[in-house]
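Each chain is listed here by its residues.
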Amino acid sequence: MTTLSTAFCVAFAVAAVLNVLTAAVAWRHRHATPAATALAAVAAGLALWAGVGAPLNFPVPQQLHDALLYLSFVGVLGSVVGLHLLAHFAADPQYRPGRLHVVHLVVVPLLLLAAVGTDHWHHLVLTDIEPLDRWPWYGNRFGPLFWVHTAWCYTLLALAYLRLGRAWLRGSPVVRRQVGTLTVAGLVPLAGNLVVISRPDLFSGHDLTPLFFTVTAVLDARAVLRGTLLRVVPVARARVLETVQDIIVVVDDGGVVVDVNPAGRAMLRQSRPDLPADPVGLPARDFISSRALGALPGGRIGYVLDSPTGQHFDVQVSAIEDARGRSLGRVVVGRDITELVEARRRLEEQAAVADRLRAQLAEDAVRDPLTGLHNRRHFDPAAAELLGAVDGHHPVGVLVVDIDHFKRVNDTHGHAAGDQVLVALARELQNLTRQGDLVARTGGEEFVLVLPGADAAVVARRAEELRTRCAQLEVPVVTGTVRPTVSIGTALAPRDGDDVATVLAAADQALYRAKADGRNRVAAA
């Protein structure tokens, strides 16, 4: 008998030590998750329960026996309350017990402990404690309050395992491993305790439940030390929605708002101060666009919404269905993309400016900076394109214009005066051009006009008109007034050539003849 008592004492001591270690490890991780604090309370209660059970394997005075028995009730109630809270926190780390829940978990154990402490007066917990001359040294008969205590403990544990069961069914594989570890750890001693209470004769009336809880200590210690419980903390979806900055509105199948996250409520207060602060229960059409409440082809639509407040939202609407495919409603998610839209608008404006600058640079590259007329770079391909369309019915006239005695103007009045004469002549050329005509400055004081569709008579008339207008010019300069004249050579395609070089050469020959004949005149090729 001594050997058996020693074996049980060692087993209880080992259980107590394992639970103390579990409590210490869990307490070190209390800041990671509330489940760690609850686990520490469970392990501490089990350590006390197993620790006081060790000396009860030997004959001790009845006063000490009664004191140890009272402490065992403290350990039992503490571990049960801890297991109940552990299940809540493991299923939802954001869970916070309400006031009534806290009062219930505190007041009931205190009342039960008070009943145990005063049991020698009323004997409602244990109706009789009878000394024995053999192990387990004392025999107990359970009173009505003991069964109240037992029923209350089992009720808390049943609620805990129901919550763990729901978490297991809804959880991810990681969460299922966590919940499964806790469930197995609790069910093993629970089954053993049921055997102890229902068949006390199997263990000669001795309560071996603390030994069963050794399994709980080992499994919980494994969960904590390997990090399964504390490494991955499941976060409730509802808590995630509370922190999401996107607007989330849930609408039931009848078009009634059933949930709005804080970001959605803040947006509603800003855009529709006339509506109640809590939009739940309102018809969704009161503040959600008809497009979001319309048909959902494929179960989802997306679009950009421009609000009256100047904000822009990317709206995604998704259908919600039950497991059978029946419609439950829809969830509307709005993400503020105002900054993105504004950034895109700025980029588009910058791109438009860049396009304008590129076009301006391209235009500047083919313009004479002094007169504003096209230069040779633009003239050659443009003239080639016009002359390429020449046929017998659509001739093209070419005028080569040169300022008479331009070097004398520069020498007498200065280069600035020469520039003014060039600008004045260019202005006259522009005034005399028609839609489709091509005019360019091709040299220092030389200009060329290309007149599509002009026959010989039109070319002669236009050339003479230009010569007359230029002869009438009076260009004021610093040193007085300059009255420039021009000599003009004309050619006609295809009569005088069918490409740019040939026609220009013919017009140049005519120009030389006009100058040789006395200048300020027109000569035809």
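In this report, we go over the structure that sits alongside the text.

About the cut-offs
Residues numbered from 1 in each chain as written. Predicted model: local features only at pLDDT ≥ 70, side-chain atom pairs only at ≥ 80, totals over all residues. Heavy atoms only, no water. Axes fitted to C-alpha atoms, helices over the stretch in contact; angles between N-to-C directions. Helix = DSSP H or I, 4+ residues; strand = E, 2+ residues; numbered from the N terminus. Parallel < 35°, antiparallel > 145°, perpendicular 65-115°, else oblique. Left-handed = near helix turned anticlockwise from the far one by under 90°. Contact = heavy atoms within 4.5 Å. Nonpolar A, V, L, I, M, F, W, Y, C, P; charged D, E, K, R; others polar. Core = buried A, V, L, I, M, F, W, Y, C linked by side-chain atoms within 4.5 Å. Buried < 20%, exposed > 50% of the residue type's maximum accessible area, 1.4 Å probe, protein only. Salt bridge = Lys/Arg side-chain N within 4 Å of Asp/Glu carboxyl O. Expected span 1.5 Å × (residues − 1). Polar contact = N/O pair within 3.5 Å; in protein donor to acceptor, adjacent residues only side chain to side chain. Patch = residues over 30% accessible without salt bridge, like charges linked within 9 Å, V, L, I, M, F, W, Y side chains within 5 Å. Areas by Shrake-Rupley, 256 points an atom, 1.4 Å probe, with all protein chains shown as cover. Phe/Tyr/Trp six-rings, centres within 6.5 Å; stacked < 30°, edge-to-face > 60°. Pairing = 2+ DSSP bridges.

### Overview of the packing of helix H4 (residues 99-117) against helix H6 (residues 144-170)
Move 1: Packing of H4 against H6 leaves a shortest axis separation of 10 Å and a crossing angle of 155°. Taken together, the axes of H4 and H6 are roughly antiparallel relative to one another. Crossing geometry of H4 relative to H6 is assigned as left-handed. Of H6, the residues touching H4 (which contributes His104, Leu105, Val108, Pro109, Leu112 and Ala115) are Leu145, His149, Trp152 and Leu156.
Move 2: A per-class count over the contact of H4 with H6 returns eight nonpolar, two polar and no charged.

### Points about the nonpolar core
Move 1: Phe73, Leu86, Val125, Trp152 and Leu164 are the most contacted members of the largest nonpolar core, which totals 39 residues.
Move 2: For this core, the elements supplying multiple residues, two or more each, are helix H2 (34-53), helix H3 (62-91), H4, H6 and helix H7 (173-198).
Move 3: At 12 residues, the largest contribution of residues to this core is made by H3.
Move 4: Ignoring sequence-local partners within four residues, the contact set of Leu86 consists of Ala35, Ala38, Leu39 and Leu182.
Move 5: The next biggest cluster of nonpolar side chains, apart from the first, holds 31 residues, and it includes Val421, Leu451, Ala463 and Cys470.

### A word on the pattern of salt bridges
Move 1: Taken as a whole and assessed by the stated rule, the structure comprises 16 salt bridges.
Move 2: The closest approach of N and O atoms between Lys515 and Asp404, which form a salt bridge, is 3.2 Å. Of this pair, Lys515 sits in helix H17 (residues 500-516) while Asp404 sits in the loop between strand S8 (396-403) and helix H14 (406-413), and the two are 111 residues apart along the sequence.
Move 3: With a shortest N-O distance of 3.0 Å, Glu428 and Arg469 are connected by a salt bridge. Of this pair, Glu428 sits in helix H15 (residues 415-432) while Arg469 sits in helix H16 (residues 456-471), and the two are 41 residues apart along the sequence.
Move 4: For Glu428, a relative accessible area of 10% corresponds to the buried category.

### What to know about the packing of H2 against H3
Move 1: Packing of H2 against H3 brings their axes to within 7 Å, and their N-to-C directions diverge by 160°. In terms of orientation, H2 lies roughly antiparallel with respect to H3. As H2 packs across H3, the resulting crossing turns out to be left-handed.
Move 2: Looking at the contact of H2 with H3 residue by residue, the classes come out as 19 nonpolar, six polar and no charged.

### Some words on H17
Since one α-helical turn is 3.6 residues long, residues separated by three or four positions face the same way.
Move 1: Here H17 is 17 residues long and its end C-alpha atoms lie 24 Å apart, about the 24 Å a rise of 1.5 Å per residue gives.
Move 2: Of all the residues in H17, the buried ones are Val500, Val503, Leu504, Ala506, Ala507, Ala510, Leu511, Ala514 and Lys515.
Move 3: Structurally, H17 contributes buried residues whose contacts are with helix H13 (376-388), S8, strand S10 (446-452), strand S13 (486-493) and strand S14 (522-524).
Move 4: The distance from a side-chain oxygen at the start of H17 to the backbone nitrogen of Ala501 is 3.2 Å, and the residue carrying that oxygen is Asp499.
Move 5: Remark: Gly518 follows H17 within two positions and exhibits a positive phi of approximately 125°.

### As for the environment of Asp496
Move 1: Take Asp496: it is sitting in the loop between S13 and H17.
Move 2: When the C-alpha positions of Asp496 and Ala506 are compared, they lie 6.5 Å apart, and in sequence the two are 10 residues distant.
Move 3: Other than its neighbours up to four places away in sequence, Asp496 contacts Ala491, Thr502, Val503, Ala506 and Ala525.
Move 4: A polar contact is formed between the side chain of Asp496 and the side chain of Arg495, at a distance of 3.0 Å.

### So, a nonpolar patch on the surface
Move 1: Together, Val102, Val103, Val106, Val107, Leu110 and Leu111 give the surface a local cluster of nonpolar side chains, amounting to about 500 Å² of exposed area.
Move 2: Exposure remark for Leu111: the relative accessible area of 57% places this residue in the exposed category.

### What to know about the packing of aromatic side chains
Move 1: Per the counting criterion, the structure on display carries two aromatic pairs.
Move 2: Aromatic pair Phe73 and Phe146: ring centres 6.4 Å apart, planes at 90°, arrangement edge-to-face. Here Phe73 is found in helix H3, whereas its partner Phe146 is found in helix H6, with 73 residues between them in sequence.
Move 3: Summarising the aromatic geometry, the rings of Phe146 and Trp147 are spaced 5.3 Å apart at their centres and angled 80° between planes, so their arrangement reads as edge-to-face.
Move 4: Through successive ring pairs, a cluster of aromatic residues spans Phe73, Phe146 and Trp147.

### A closer look at the side chain of His374
Move 1: Mapped onto the elements, His374 comes out in the loop between helix H12 (338-365) and H13.
Move 2: Discounting chain neighbours no more than four positions away, the residues touching His374 are Glu363, Val366, Arg367, Asp368, Val439, Ala440 and Arg441.

### So, the sheet that holds S10
Move 1: Read across the sheet, five strands follow the order S9-S10-S8-S13-S14 without closing on themselves; strand pairing throughout is mixed. Whereas interior strands pair on both sides, the edge strands pair on one side only; in this sheet they are strand S9 (438-441) and S14. In this sheet, adjacent strand axes meet at a mean angle of 15° when their direction is disregarded.
Move 2: In the sheet, S8 pairs with S10 via seven bridges, with the strands oriented antiparallel. In the strand pairing of S10, Val401 is matched with Phe447.

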